[in-house]
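Notes for the structure review
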Amino acid sequence: MNAARWYVIYTKPQEEDRAEKNLTAWGIETFYPKIKKKQLNQFSGKAIEFSRPLFPRYIFAKFDAERILHKIYNTRGVEKVISFNCIPTPVDDQVIDFIQSKVAADGFVRLNDDLKRGDEVRINDGSLRGINGVFD
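Residues numbered from 1 in each chain as written. Predicted model: local features only at pLDDT ≥ 70, side-chain atom pairs only at ≥ 80, totals over all residues. Heavy atoms only, no water.

1. Comments concerning the side chain of threonine 75
Stated formally: Counting from the N terminus, the helices are the DSSP runs of H or I reaching at least four residues and the strands are the DSSP runs of E reaching at least two. Throughout this description, buried means an accessible area under 20% of the type-specific maximum (1.4 Å probe, protein chains only), exposed means over 50%, and partly exposed covers the range between. Polar contacts, as used here, are pairs of N or O atoms within 3.5 Å; protein pairs need one atom able to donate a hydrogen and one able to accept it. Residues neighboring in sequence count only if both atoms are side-chain atoms. Note on contacts: a residue pair qualifies if any of its non-hydrogen atoms lie within 4.5 Å across the two residues.
Of note, threonine 75 is situated in the loop between α2 (65–73) and β6 (78–81). Classification of threonine 75 by relative accessible area gives buried; the value is 4%. Within the local environment of threonine 75, its side chain forms a polar contact with the backbone oxygen of lysine 71, the two atoms lying 2.6 Å apart. If we ignore the near neighbours within four places in the chain, the residues touching threonine 75 are Ala19, Asn22, Leu23 and Trp26.

Rendered as structure tokens:
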């Protein structure tokens with residue numbers, strides 16, 4: 001039986017790319033959601049676009065924790081697997097599916113324009129159901 005589940009990997013600072021590439025080299029399925037950011041060039045005044053992680057220092061990986069958790073911890077760029085009581089905490093497939101459904105053809109996550117920074121949100125479904133937060 002394949003016990004592969006999605007887990008959240010906490011990376012070393014600014015090593016999301018490195019961790020994702022190294023996990024992929026192990027044959028582990030990963031999901032590293034990114035967004036496009038725009039910034040004005042201070043010298044030319046032109047807008048430039050660049051890639052940023054949707055969740056800085058976090059990526060997702062699908063693996064059988066009982067079988068290869070030791071490989072994950074020994075992967076360059078990985079700091080730890082998000083756990084509760086020292087047990088890796090799986091992420092519901094529905095959460096991953098939802099984020100993946102927001103990825104456009106260019107590979108970047110499209111965030112809904114109707115949410116603005118500071119808006120209060122409530123998670124209505126999934127493992128985080130009932131949690132209130134502030135959109136950032």
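2. Notes on unusual backbone geometry
Although it is not a glycine, glutamine 14 sits at a positive phi angle of roughly 60°. Along the chain, glutamine 14 turns up in the loop between β1 (5–11) and α1 (16–25). Phi is positive for arginine 57, which is not a glycine, with a value near 75°. Residue placement: arginine 57 occurs in the loop between β4 (47–53) and β5 (58–63).

3. Regarding the layout of surface pockets
As a reminder of what qualifies: Only protein atoms enter the 1 Å grid used here. Points where a 1.4 Å probe fits but cannot escape make up a cavity, open sets with protein on both sides within 12 Å along at least five of seven lines make up a pocket, and a residue lines them when an atom lies within 4 Å of a point. Grid points are joined across faces, edges and corners, and a volume is the space filled by probe spheres set on the points. As a working rule, the residues Ala, Val, Leu, Ile, Met, Phe, Trp, Tyr, Cys and Pro are called nonpolar, Asp, Glu, Lys and Arg charged, and the rest polar, with Gly in that last group.
In this structure, the largest pocket spans a volume of roughly 2000 Å³. Leu54, Phe55, Phe98, Leu111 and Phe135 are, among the 45 residues lining the largest pocket, the residues nearest its centre. Those elements giving two or more residues to the lining of the largest pocket turn out to be β3 (34–40), β4, β5, β9 (90–91), α3 (93–101), β10 (120–122) and β11 (132–134). Class assignment of the residues belonging to the lining of the largest pocket gives a composition of 23 nonpolar, eight polar and 14 charged. The volume enclosed by the second largest pocket comes to roughly 150 Å³. At the level of secondary structure, the elements contributing two or more residues to the lining of the second largest pocket comprise α1 and β4.

4. Things to note about the packing of aromatic side chains
Formally: The criterion for an aromatic pair is that two Phe, Tyr or Trp rings (for Trp, the six-membered ring) have centres within 6.5 Å, with stacked assigned to planes under 30 degrees apart, edge-to-face to planes over 60 apart and tilted to the rest.
Using the criterion set out here, one finds four aromatic pairs in the structure. Ring centres 5.1 Å apart and planes at 55° place the aromatic pair tyrosine 10 and tyrosine 58 in the tilted group. Of the two residues, tyrosine 10 sits in strand β1 while tyrosine 58 sits in strand β5, which places them 48 residues apart along the sequence. On the basis of relative accessible area, tyrosine 58 is assigned to the partly exposed category, the value being 34%. An aromatic cluster is present here, built from Phe31, Phe55 and Phe60 joined pairwise through their rings.

5. Describing the environment of isoleucine 87
Mapped onto the elements, isoleucine 87 comes out in strand β8 (residues 87–88). Along the sequence, isoleucine 87 and lysine 62 sit 25 residues apart, while their C-alpha atoms lie 15 Å from each other.

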